[in-house]
Amino acid sequence: MESEQNPVGGLIQALRSVDDPRIDRSKIYPLIEILFLTTSAVLSGFEEWDEIVDFGEEKIGWLRKYLPYENGIPSHDTVNRVISLIDHRAFEECFVNWATMDIELPQGTVISIDGKKLRGSATKKEQQTPHAQGGKSALHIVHAWCHELQMCLAQYKTDTKSNEITAIPVILDFLEISGCIITLDSMGCQKKIASKIVDKKADYIMGLKDNQEALSLAVFTAFNEHDEQANMDKELWEEQNHGRKESRRCRVLPAELLPEWAKAPDWEGLKSVIEIQSKRIVLSTGVEENETRYYISSLAVNSHAFNRLIRSHWNVENQLHWSLDVIFGEDHSRKRARNVAQNFSTILKIAINLLKAQPDKISVNRKRNKCALSDQYREKTLGI
């Protein structure tokens, strides 16, 4: 059973904060038992409802070390139904409270905010049918990922990618970000978001595209006008791996060098504009790809630092979104009833945080296998 001396009590206590949506006579299986069962099963590599029930039946003795399970393990239909009924906003808040419990982010910590589509949360027919005719979009989850801690700190469900603009301020309100660096792609490049980040005493790096047409043109013009400037801050970074050779040239200009016609005092805290010219060559074919991207930032650091910080943004794709799709199979999931897709996504984030925090130098897949095979390893991963 949980106690103040039992570290798993932190997770169980966080899960207890989620309100049970069922009427009293339907609560044969307590919500906390269903959530702890599902989280433990997912941690151990079981994601389908019948697999979760199989895990529970085989591990009932272990589960009873922490919770009563007086009525045993519920059916897979019950687990599905109950998780689909949970208020997804309350569950998101529960996750944030647990993920950030006792965490104090050091100065300069990079938090990357980016969204991911849950492709299986709506059928292809529903996604191709206009909403006015009964169609619906696949869900979109916006994440805040901290590479240094290897943790997802927050998530927020939206209905479409365009709604990331409204989700990002909510995520920023969830977190204590003073002294941190927030990186965003071009979807988050908005004046209000920049102001909120600065108001919370943090810094930003934002991708810049045509959604900010005037500023994009101004930054492009500034780099063209100062192209031959001998003392321009620039760095060339090169590497070769995975059959590719890649180079990234980073150039930085102070924001005051923007053209006079494009001065943007309403971009709060704007200090630097950045150009990244990337070239990638596939060694086996010789195919070459070239791309130029622009960024704005409230930081005033050198090109070496910007090259590293901008590159680090893609850790949210490489470490979180890749894990969700390849290891946990989220893109192929057909969990669609009511709130089940977003709630199960939250459970996956709990599992990822626990597995990434496990210090063993082995893959996440091997950690999940060991959780399935060993009660002791599962307890270690849960922090017991």
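The coordinates are above.
Described in the following lines is the structure provided in the data block. (Residues numbered from 1 in each chain as written. Predicted model: local features only at pLDDT ≥ 70, side-chain atom pairs only at ≥ 80, totals over all residues. Heavy atoms only, no water.)

## Points about the nonpolar core
1) Next: If you look at the biggest cluster of nonpolar residues, it comprises 97 residues, and the most contacted ones within it are Phe36, Ile111, Ile113, Ile182, Ile197, Met206 and Ile296.
2) Next: If we ignore the near neighbours within four places in the chain, the residues touching Ile111 are Leu105, Ala144, Trp145, Leu153, Ile177, Cys180, Ile181, Ile182 and Thr183.
3) Next: Listed in part, the twelve residues of the second largest apolar core include Ile181, Ile276, Leu299 and Ile310. (Core = buried A, V, L, I, M, F, W, Y, C linked by side-chain atoms within 4.5 Å. Buried < 20%, exposed > 50% of the residue type's maximum accessible area, 1.4 Å probe, protein only. Contact = heavy atoms within 4.5 Å.)

## Observations regarding unusual backbone geometry
With glycine set apart, most residues show a phi of negative sign, and most peptide bonds adopt trans.
1) Next: For Tyr69, which is not glycine, the phi torsion reads 50° and is therefore positive.
2) Next: Its place among the elements puts Tyr69 in the loop between α4 (60-63) and α5 (76-85).
3) Next: Taking relative accessible area as the criterion, Tyr69 reaches 1% and is therefore assigned buried.
4) Next: Of note, Gln150 is a non-glycine position whose phi angle comes to about 55°, a positive value.
5) Next: Note that Gln150 resides in the loop between β2 (139-146) and β3 (151-158).
6) Next: Its relative accessible area of 21% is what places Gln150 among the partly exposed residues. (Helix = DSSP H or I, 4+ residues; strand = E, 2+ residues; numbered from the N terminus.)

## Things to note about a nonpolar patch on the surface
1) Next: On the surface, Leu217, Phe220 and Trp261 cluster together to form a nonpolar patch covering roughly 340 Å² of accessible area.
2) Next: Mapped onto the fold, Phe220 is located in helix α10 (residues 213-225). (Patch = residues over 30% accessible without salt bridge, like charges linked within 9 Å, V, L, I, M, F, W, Y side chains within 5 Å. Areas by Shrake-Rupley, 256 points an atom, 1.4 Å probe, with all protein chains shown as cover. Salt bridge = Lys/Arg side-chain N within 4 Å of Asp/Glu carboxyl O.)

## Observations concerning the pattern of salt bridges
1) Next: Summed over the entire model, instances satisfying the criterion amount to 18 salt bridges.
2) Next: Asp331 is the partner of Lys116 in a salt bridge, and the nearest nitrogen-oxygen pair spans 3.7 Å. Remark: Asp331 occurs in the loop between α12 (315-327) and α13 (340-357) and Lys116 occurs in strand β1 (residues 110-118); sequence separation between them is 215 residues. In terms of burial, Lys116 and Asp331 fall into one category: buried.
3) Next: Between Arg251 and Glu275 there is a salt bridge, and its shortest N-O distance comes to 2.7 Å. Placement of Arg251 in strand β7 (residues 244-254) and of Glu275 in strand β8 (residues 272-282) is noted, with a sequence separation of 24 residues between them.
4) Next: A relative accessible area of 3% places Arg251 in the buried class.
5) Next: Exposure remark for Glu275: the relative accessible area of 3% places this residue in the buried category.
6) Next: Here the salt bridges share partners, and the residues they tie into one network are Lys116, Arg119, Asp325, Glu330 and Asp331.

## Describing helix α14 (residues 364-373)
In an α-helix, one turn spans 3.6 residues, which is why side chains three or four residues apart end up on the same side.
1) Next: Among the residues making up α14, those that are buried are Val364, Lys367, Arg368 and Cys371. All buried residues of α14 fall inside an arc of 100° around its axis, so they share one side. (Arc of directions from axis to C-beta.)

## Notes on the packing of aromatic side chains
1) Next: This model, assessed by the stated rule, comprises nine aromatic pairs.
2) Next: Ring centres of Trp49 and Phe344 lie 5.4 Å apart, and the angle between their planes is 75°; this geometry places the pair in the edge-to-face category. Taken together, the positions of Trp49 in helix α3 (residues 49-58) and Phe344 in helix α13 put the pair 295 residues apart, joining distant regions of the chain.
3) Next: Relative accessible area serves as the criterion here: at 11%, Trp49 is assigned to the buried category.
4) Next: Given a relative accessible area of 5%, Phe344 falls into the buried group. (Phe/Tyr/Trp six-rings, centres within 6.5 Å; stacked < 30°, edge-to-face > 60°.)

## Quick look at a negative patch on the surface
1) Next: A surface patch of negative charge is lined by Glu48, Asp50, Glu51, Asp54, Glu57 and Glu58.
2) Next: Checked against the element boundaries, Glu58 lands in helix α3.
3) Next: Overall, the relative accessible area of 68% leaves Glu58 in the exposed class. (Lys, Arg positive; Asp, Glu negative; His and termini not counted. Charge placed at Lys NZ, Arg CZ, Asp CG, Glu CD.)

## A word on the environment of Ser345
1) Next: By the secondary structure assignment, Ser345 is in helix α13.
2) Next: Between the C-alpha atoms of Ser345 and Leu324, which are 21 residues apart in sequence, the distance is 8.7 Å.
3) Next: Residues within four places of Ser345 in sequence aside, it is in contact with Leu118, Ile141, Gln155 and Glu330.

## Thoughts on the sheet that holds β2
1) Next: Taken in spatial order, the nine strands line up as β3-β2-β1-β4-β5-β9-β8-β7-β6 in an open sheet, and their pairing is mixed. Looking at strand neighbours, the two that pair on one side only are β3 and β6 (233-241), the edges of this open sheet. Geometrically, the sheet is characterised by an average inter-axis angle of 20° between neighbouring strands, direction not taken into account.
2) Next: With eight bridges joining them, β1 and β2 adopt antiparallel strand pairing. The partner of Ile113 across the bridge, within β2, is Ala144.
3) Next: Along the sheet, helix α8 (residues 164-174) contacts β1, β2, β3 and β4 (181-184); its crossing angle with β3, the most-contacted strand, is approximately 140°.
4) Next: Relative to β3, α13 is tilted by about 170°, and along the sheet it contacts β1, β2 and β3. (Pairing = 2+ DSSP bridges. Axes fitted to C-alpha atoms, helices over the stretch in contact; angles between N-to-C directions.)

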